Amino acid sequence: MSTHIKFCGLKTVEAVEQAAALGAWKAGFIFFAKSPRNVTVEHAGMLAARAHALGLATVAVTVNASDAELDAIIDGVRPTLLQFHGAESPAQISKIKARSGLKAMKAIPVRTAEDLAAMEPFLGVADHILFDAKAPRGSALPGGNGVQFDWTLLDSLDRQTDYVLSGGLDAANVGVALRTTGCRFLDVSSGIESAPGIKDLDKMRAFAEAVRRHDSEAVNSTDSAIGTAKSKEPIS
Ligand SMILES: O=C(O)c1ccccc1NCC(=O)[C@H](O)[C@H](O)COP(=O)(O)O
């Protein structure tokens, strides 16, 4: 299976079109006033319509949003998925899923091995778990900080567990991230920007190319392992 990429914090039609052209899994829009990537419901609705017309699914990223705010986003944007990046409870997420019929992704902030346990109450409630680096002290943003966490912490998870890896990914480090974790879903924001909130179409391409390079190397190494195994079989 090829690695799925969520390009997050998109604000322009050009970035949405580039994400679609690069075969992205999801385009993410941020609804958080303090973020340089914040978009209005109206603007995100226009971007999402373009994404959907191109066959690209969308994610509305929210932080401790009220029911009224969520309803406005759901009505105005019609996202494919809701991402919860704050202190939302499993009960709140279940409630909004039942009301909207949408799937949900829950962000789990990670700095130490103990942080991983925070995902447990969300298993069976959230359709995706996204591991992101815990915000550095003093940051106004719960996500989109361009900060990595120690990917080897994820070794303790079952390799078959599908989670989304995020936090400080870019074209230069994503190959190592994929080899270290074996994950199949990625989320990137700062690493495809020229400045906070400004997506760089070349960096988006470089990121997707680095991921595809990893994917084809992984296929080739599986093929050669199969070839080696076959060559050891007796000729009948
Ligand atoms: O990106 C933001 O500005 C943001 C603000 C508030 C909540 C969440 C936010 N981003 C969520 C994401 O899914 C980011 O893509 C993720 O945190 C990774 O970001 P980065 O480390 O910059 O690649």
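Residues numbered from 1 in each chain as written. Predicted model: local features only at pLDDT ≥ 70, side-chain atom pairs only at ≥ 80, totals over all residues.

Under an unreviewed UniProt entry, the name given to the protein is N-(5'-phosphoribosyl)anthranilate isomerase, and the source organism is Pseudohoeflea coraliihabitans.

**Q** Now, about the overall build of the protein: what can you tell me, with residues and values included?
**A** Within the protein one finds six helices and ten strands. A globule of 236 residues ought to have a C-alpha radius of gyration of about 18 Å, and the protein, at 18 Å, matches this closely. Seen along its three principal axes, the alpha-carbon backbone of the protein occupies a region of about 70 × 40 × 35 Å. Counting all 236 residues of the protein, 36% fall into the buried class. Long-range pairs, those at least 24 residues apart, make up 53% of the contacts in the protein with a sequence separation of at least 6. (Helix = DSSP H or I, 4+ residues; strand = E, 2+ residues; numbered from the N terminus. Rg over C-alpha atoms; globule rule 2.2 N^0.38 Å. Buried ≥ 20, exposed ≤ 12 C-beta atoms within 10 Å, placed from the backbone. Contact = placed C-beta atoms within 7 Å.)

**Q** Explain the confidence of the model for the protein residue by residue, including any values.
**A** Confidence in the prediction for the protein averages 93 pLDDT; 93% of positions are at 70 or higher. Contacts of residues 229-236 to residues separated by more than four positions or lying in other chains number zero contacts, the stretch itself having pLDDT below 50. Model confidence for the complex is summarised by a pTM of 0.93, with the ipTM given as 0.98. (pLDDT = per-residue confidence, 0-100.)

**Q** Account for the packing of helix α2 (residues 41-53) against helix α3 (residues 67-77), naming residues and giving values.
**A** When two helices pack together, their arrangement is given by the angle between the helix axes and by the axis-to-axis distance. Interhelical geometry of α2 versus α3 gives an angle of 35 degrees and a closest axis separation of 8 Å. You can see that α2 and α3 cross each other, and the crossing is right-handed. Residues Val 41, Glu 42, Ala 44, Gly 45 and Ala 48 of α2 pack against Ala 72, Ile 73, Gly 76 and Val 77 of α3. Taken together, the residues of the contact of α2 with α3 break down into six nonpolar, two polar and one charged. (Axes fitted to C-alpha atoms, helices over the stretch in contact; angles between N-to-C directions. Left-handed = near helix turned anticlockwise from the far one by under 90°. Nonpolar A, V, L, I, M, F, W, Y, C, P; charged D, E, K, R; others polar.)

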